[in-house]
Amino acid sequence: MPVVTDIEDLRRLHQRRVPRMFYDYADSGSWTEQTYRENTEDFREIRLRQRVAVDMRDRSTATTLVGEDAAMPVALAPVGLTGMQSADGEIKAARAAERFGVPFTLSTMSICSIEDVAAHTERPFWFQLYTMKDEDYVRRLIQRAKAAGCSALVITLDLQILGQRHKDIKNGLSAPPKLTPATLLNLATKWGWGIEMLSTRRRQFGNIVGHVDGVSDPASLMSWTNEQFDPALDWEKIKAIREQWDGPVILKGILDPEDAKAALNVGADAIVVSNHGGRQLDGALSSIRALPAILDAVGDRIEVHVDSGVRSGQDILKAVALGAKGAWVGRAWVYGLGAMGQAGVTKALEILHKEFDTSMALCGRRRVEALDRDVLLVPRDFEGVWQTG
């Protein structure tokens, strides 16, 4: 077992173990990858204030996220195709999150189905919904999430049109994969991953295959999926979906204060400040840089979370101290999953928790609710001087 001390160690292990097409799918951005890079770089611009001679006994990192208890202010973000990073990956990640005490969010584009994950876990998880043209399928998908006991519905708003990720095209990532000589050579070096994948029957999009007429194999699945993301999504459609769900609704993909205000009007319980991990609109602001203006716009009228670029417990601390209720991690837990399966997801959570707890203490705080901008040193121009119109 290698010595793992931070998320970067897990990333390197993930890269060694998993085929290039699936590693690159998780660890890439759209177009030039500017936003993808700045998501992490901008966190580094913020510094922490060390405080001393403060009693740090009886610390707690516990909090609540949309009314649910959480061991720390973290949720596992929805990530598609995670069942191809490690066999039955969504089940492994959900179990790790459950045992650690943080929410897990299942993607519409998961390999393991809603029912699969529910059957292998005890704690209710969140379900992330992509809005699609097939409204009957969307209604049935929501009903399936209800029947599985999902405790919150996460509606992703920023995938009406798919951003281009150059690495996916070059790697031949599709359903079925395009097996070029380079791809076959790479797959041949990942024998451990291959043996593991042969041990499971879950190798297609479990929430779609068998639930849509005419979709029964990888080719028909790809054709259907490519045509389904709904470019006509608007606030009225979001409001209609919200009315189909009895519990908390979280809107993910908010980067603009005006959109944050609109989220209030459709009855959302929380929003996630997110640019889809830099995978959609390249050139958009990093999420952490966009966060303060959104908080100014909505105040405490809605719970605000942040996603994209979170790679450490200190990033989580910075987001919460700026005013976010919680931070969502995506790539950090996927690195762990690809590196070591369920144990790797647990390791990622342990690393994030230790970094968060230690840093909170060294900043002179014992409780999550005590974190505020006073523990931060934020550059004067951090939000930037931007001009629109």
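Whatever comes next refers back to the structure up there.
Since we're looking at a predicted model, the values are computed, not measured.

Remarks on the overall build of the protein chain
And step 1. Scanning the protein chain for helices and strands turns up 15 helices and 12 strands.
And step 2. By principal-axis analysis of the C-alpha atoms, the protein chain measures approximately 60 × 50 × 45 Å.
And step 3. Looking at the protein chain as a whole, 58% of its 389 residues qualify as buried.
And step 4. A fraction of 74% describes how many contacts in the protein chain between residues 6 or more apart in sequence connect residues 24 or more apart.
And step 5. Carbon and sulfur atoms make up 50% of the accessible area of the protein chain, which totals about 16900 Å².

A look at the packing of helix α1 (residues 7–17) against helix α15 (residues 331–362)
And step 1. Two numbers describe how α1 lies on α15: the axes approach to 10 Å, and their chain directions differ by 175°. What the angle tells us is that α1 and α15 run roughly antiparallel. Residues I7, L10, R11, L13, H14 and R17 of α1 pack against A332, V334, Y335, G336, G338, A339, M340, G344, A348, I351 and L352 of α15.
And step 2. Per-class residue counts for the contact of α1 with α15 are 11 nonpolar, 4 polar and 2 charged.

Thoughts on helix α9 (residues 191–198)
And step 1. Taken together, the buried positions of α9 are W193, G194, E196 and M197. Looking straight down α9, one finds its buried side chains confined to an arc of 165°; they lie on one side. Opposite the buried face of α9, at more than 90 degrees from it, the exposed residues are W191, I195 and L198.
And step 2. Looking at the buried positions of α9, the neighbouring elements they touch are α1, α2 (20–26), α4 (89–100) and α8 (181–188).

Focus on the packing of helix α12 (residues 257–265) against helix α13 (residues 287–298)
And step 1. Across the interface, α12 lies against α13 with an axial gap of 8 Å and an inter-helix angle of 40°. One way to sum up the angle between α12 and α13 is to call them oblique. In this structure, α12 meets α13 at a crossing whose hand is right-handed. Residue-level inspection shows P257, A260, K261 and L264 of α12 in contact with α13, the latter providing A293, I294, A297 and V298.
And step 2. A breakdown of the residues in the contact of α12 with α13 according to their chemical character gives 7 nonpolar, no polar and 1 charged.

A word on the sheet that holds strand β4 (residues 74–76)
And step 1. Here we have 8 strands laid out as an open sheet, ordered β4-β11-β10-β9-β8-β7-β6-β5, and parallel in their pairing. One side of each edge strand has no neighbouring strand; the edge strands of this open sheet are β4 and β5 (105–106).
And step 2. Relative to strand β11 (residues 326–329), β4 runs parallel, the two being bridged by 3 bridges. Opposite L76, over in β11, you have V329 as the bridge partner.
And step 3. Contacting β8 (249–254), β9 (270–273) and β10 (303–307), α13 runs over the sheet at an angle of about 170° to β10.

Analysis parameters
Residues numbered from 1 in each chain as written. Predicted model: local features only at pLDDT ≥ 70, side-chain atom pairs only at ≥ 80, totals over all residues. Heavy atoms only, no water. Helix = DSSP H or I, 4+ residues; strand = E, 2+ residues; numbered from the N terminus. Buried < 20%, exposed > 50% of the residue type's maximum accessible area, 1.4 Å probe, protein only. Contact = heavy atoms within 4.5 Å. Areas by Shrake-Rupley, 256 points an atom, 1.4 Å probe, with all protein chains shown as cover. Axes fitted to C-alpha atoms, helices over the stretch in contact; angles between N-to-C directions. Parallel < 35°, antiparallel > 145°, perpendicular 65-115°, else oblique. Nonpolar A, V, L, I, M, F, W, Y, C, P; charged D, E, K, R; others polar. Arc of directions from axis to C-beta. Left-handed = near helix turned anticlockwise from the far one by under 90°. Pairing = 2+ DSSP bridges.

All quantities given are derived from atomic positions and should not be read as evidence of function.
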